[in-house]
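# Tertiary structure, described
Each chain, written out:
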Amino acid sequence: MPYTDPIRDSRPADRRGKRTATHRRFLMCPPRHFEVSYSINPWMDPKKPVDGGLAFAQWEQLRDLYRELGHTVETIEPIPGLPDMVFAANGATVVDGRVFGARFRHAERTAEGPAYLSWFVEQGYREVHWPEHINEGEGDYLVVGRRLLAGTGFRTDPRSHAEAQEFFGLPVTGLTLVNPDFYHLDTALAVLSDDEVMYYPDAFSAGSQSVLREMFPNAILAAAEDAAVFGLNALSDGKHVVLPEAATGLIEQLRSRGFEAIGVELAELLKAGGSVKCCTLELRGR
Ligand code: ARG
């Protein structure tokens with residue numbers, strides 16, 4: 001079973017079917033060269049064995065699930081020697097067909113920035129920006145309606161936030177991450193709709209927690225256990241929320257808000273500190 005049965009719906013009849021999915025286009029990178037050969041976050045232990053075949057099969061289940069949900073999945077060719085390239089979310093941030101390239105903090109991943117940017121150029125994207133400051137794409141930039149939330153603290157340079165705001169012409173709100181287990185914004189916060197998010201408060205500085213309360217007073221708050229299994233590394237199409245199946249508390253909370261939560265198993269990729277959202281770069285057109 002690749003995912004939990006979405007038919008078992010415990011919501012009262014009047015709360016079913018209120019959510020609508022919108023068609024999405026995603027870019028994904030098959031983990032053909034996936035391994036954990038270095039450590040740049042607390043999840044990565046190069047001494048721990050990784051089953052490459054299993055990682056690939058789990059990734060394929062995620063790709064197939066997106067297609068079953070009616071979404072379009074494009075793929076980029078993985079490059080040998082870049083094992084983290086599977087985490088396509090880090091490759092860029094794309095809004096209104098405009099591509100804000102990624103510039104990685106660690107030497108082990110720097111070659112991924114130009115690799116992803118070249119894909120966009122080859123595909124005919126014309127507004128492509130090579131960034132001045134370090135930023136790790138949708139790892140730290142999340143789009144909520146017509147604004148962006150932007151993480152900093154571990155990877156993305158806070159100066160990138162102004163650069164992104166200028167490039168997209170959309171408001172960018174900076175948020176500071178303080179717990180190294182949640183080193184990218186998309187490990188601590190997930191966008192559910194144009195005005196709803198779920199997040200793990202303890203991953204953020206006190207000031208950023210207060211900003212989040214101000215912006216999203218009705219947000220779903222994740223418990224430590226759900227955050228620890230990467231439950232916030234989730235992808236929503238407005239109706240279906242795909243997330244790690246171990247995040248049982250979040251799955252319950254999502255269902256009570258009328259979402260169809262679909263749990264998936266990506267345990268091999270979690271050994272590199274990534275899950276559902278990390279594998280998925282959304283291609284937002286005009
Ligand atoms: N090993 C990768 C890193 O530490 C994992 C990236 C996860 N991607 C993400 N969007 N959070 O950079």
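In what follows, the accompanying structure is described. (Residues numbered from 1 in each chain as written. Predicted model: local features only at pLDDT ≥ 70, side-chain atom pairs only at ≥ 80, totals over all residues. Heavy atoms only, no water.)

### Brief notes about helix α2 (residues 112-122)
- Considered for burial, the residues of α2 that qualify are E112, G113, A115, Y116, L117, W119 and F120.
- Looking at the buried residues of α2, the elements they touch are β1 (25-28), β2 (72-75), β3 (92-95), β4 (98-101), β5 (128-129) and β15 (281-282).
- Just beyond α2, the residue with positive phi is G124, at close to 95°. (Buried < 20%, exposed > 50% of the residue type's maximum accessible area, 1.4 Å probe, protein only. Helix = DSSP H or I, 4+ residues; strand = E, 2+ residues; numbered from the N terminus. Contact = heavy atoms within 4.5 Å.)

### Quick look at the side chain of S193
- Note on placement: S193 falls in the loop between β9 (189-191) and β10 (197-199).
- For S193, a relative accessible area of 17% puts it in the buried group.
- A distance of 2.6 Å separates the side chain of S193 from the side chain of E196, its partner in a polar contact. (Polar contact = N/O pair within 3.5 Å; in protein donor to acceptor, adjacent residues only side chain to side chain.)

### A short note on the nonpolar core
- L189, M198, F204, L243, L250 and L254 are the most contacted members of the largest nonpolar core, which has 34 residues in total.
- For this core, the elements supplying multiple residues, two or more each, are β6 (141-144), β9, β10, β13 (240-244) and α6 (248-256).
- Filtering out sequence-adjacent residues up to four positions away, M198 remains in contact with A188, L189, A190, L192, I220, G231, L232, A234, V241, L243, L250 and L254.
- Counting 25 residues, the second largest nonpolar core, distinct from the first, contains F87, I262, L269 and V276. (Core = buried A, V, L, I, M, F, W, Y, C linked by side-chain atoms within 4.5 Å.)

### What to know about unusual backbone geometry
- Here D96, not a glycine, exhibits a phi torsion of approximately 55°, which is positive.
- With respect to the secondary-structure elements, D96 resides in the loop between β3 and β4.
- Exposure remark for D96: the relative accessible area of 17% places this residue in the buried category.

### Structural notes on the sheet that holds strand β12 (residues 235-236)
- With mixed pairing, the 3 strands of this open sheet are ordered in space as β12-β13-β14. Edge positions in the open sheet fall to β12 and β14 (260-264), since each of these has one partner strand only.
- Where helix α1 (residues 52-68) meets the sheet, it contacts β12, β13 and β14, and its direction lies at approximately 175° from that of β13.
- Each of β13 and β14 touches α6; the most contacted strand, β13, lies at about 175° to it. (Pairing = 2+ DSSP bridges. Axes fitted to C-alpha atoms, helices over the stretch in contact; angles between N-to-C directions.)

### Brief notes about the site of the ligand
- Surrounding the ligand, one finds 17 residues, the nearest of these being N41, R109, H184, D186 and C278.
- Contact between the ligand and N41: an oxygen atom at 2.7 Å from a side-chain N or O atom of the residue.
- Relative to its unbound accessible area of 350 Å², the ligand is 100% covered by the protein chains.
- Looking at the shell around the ligand residue by residue, the class counts come to 7 nonpolar, 6 polar and 4 charged. (Near = heavy atom within 4 Å. Areas by Shrake-Rupley, 256 points an atom, 1.4 Å probe, with all protein chains shown as cover. Nonpolar A, V, L, I, M, F, W, Y, C, P; charged D, E, K, R; others polar.)

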